[in-house]
Amino acid sequence: MDELKRFGVSIEKKLLRKFDDYIKSKDYQNRSEALRDLIRKELVDSQWAESEEEVAGAIIIVYNHHQKELMDNLINIQHDYQDIIISSQHVHLDHNTCLEIIVVKGKIAEVFGLEAKLKVAKGVKHASLAKSTLGKEM
Ligand code: NI
């Protein structure tokens, strides 16, 4: 771990009380730990606002594999985005339903493009994107 630096923070009583409640509900050991996590989350979020940035993440889709042409469609989409797809995992949830986790690494604009195409494919019931980071500046 990098060397820790201390700094003072001025904060309204009411806000601090809410922050302490939040810390307790999330099982943080102390304010510093919670604050570090919040800062990292904000930095990752702001990274995701810049479409030229390189990021990592995962797209999860749930779909009915009996839907006509959906399997072909999903495979074609993923081949179109092979440059940013690192790996994918397919899980059979029940007789009809599949879940796929697609791990991505690349430019944000590309990741959003892939997510958008998967989301609108007919037969996809749900798509969600977990935004993460390459971790270089964390
Ligand atoms: Ni399946």
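None of the values given here were measured: they were computed from a predicted structure. (Residues numbered from 1 in each chain as written. Predicted model: local features only at pLDDT ≥ 70, side-chain atom pairs only at ≥ 80, totals over all residues. Heavy atoms only, no water.)

Our next topic: the domain arrangement of the protein. Under the domain assignment, the protein is made up of domain 1 (13-47) and domain 2 (54-131). The distance between the C-alpha centroids of domain 1 and domain 2 comes to 32 Å. (Domains from an automatic or database assignment.)

This part takes up the pairing of strand β2 (residues 85-92). The sheet contact formed by β2 and strand β3 (residues 97-107) spans 7 bridges and is antiparallel. Looking at β3, one finds that H92 is bridged to C98. Joining the antiparallel neighbours β2 and β3 is a turn of 4 residues. (Pairing = 2+ DSSP bridges. Helix = DSSP H or I, 4+ residues; strand = E, 2+ residues; numbered from the N terminus.)

Reported here for the largest pocket is a volume of approximately 910 Å³. Those elements that place two or more of their residues in the lining of the largest pocket are α1 (13-25) and α2 (31-47). If one sorts the elements of the lining of the largest pocket by residue count, α2 sits on top with 8 residues. Among the residues making up the lining of the largest pocket, the classes are represented as 13 nonpolar, 1 polar and 8 charged. (1 Å grid on protein atoms, 1.4 Å probe; cavity = no way out; pocket = protein on both sides within 12 Å on 5 of 7 lines; lining within 4 Å. Points joined across faces, edges and corners; volume = space filled by probe spheres on them. Nonpolar A, V, L, I, M, F, W, Y, C, P; charged D, E, K, R; others polar.)

Every protein donor of the nickel ion is accounted for by H90 (NE2), H92 (ND1) and C98 (SG), and the metal-donor separations fall at 2.0 to 2.4 Å. Taken in sequence order, the residues that donate to the nickel ion follow the motif H-x1-H-x5-C. Judged by relative accessible area, which is 64%, H92 ranks as exposed. Residue classification places C98 among the buried residues on the basis of a relative accessible area of 2%. (Donors = N, O, S within 2.8 Å, 3.2 Å for Na, K, Ca; no water. Buried < 20%, exposed > 50% of the residue type's maximum accessible area, 1.4 Å probe, protein only.)

Time to look at the sheet that holds strand β4 (residues 124-131). One open sheet holds the 4 strands; their spatial order is β2-β3-β1-β4, and the pairing between them is antiparallel. Every other strand in the sheet has two partners, leaving β2 and β4 as the edge strands with one partner each. Shown here is a sheet whose adjacent strand axes are inclined to one another by a mean of 15°, direction ignored. Direction of pairing for strand β1 (residues 54-64) relative to β3: antiparallel, over a ladder of 11 bridges. Bridge pairing links A58 to V103 in β3. Of the strands in this sheet, β1, β2, β3 and β4 are in contact with helix α4 (residues 108-120), which crosses β3 at around 160°. (Axes fitted to C-alpha atoms, helices over the stretch in contact; angles between N-to-C directions. Contact = heavy atoms within 4.5 Å.)

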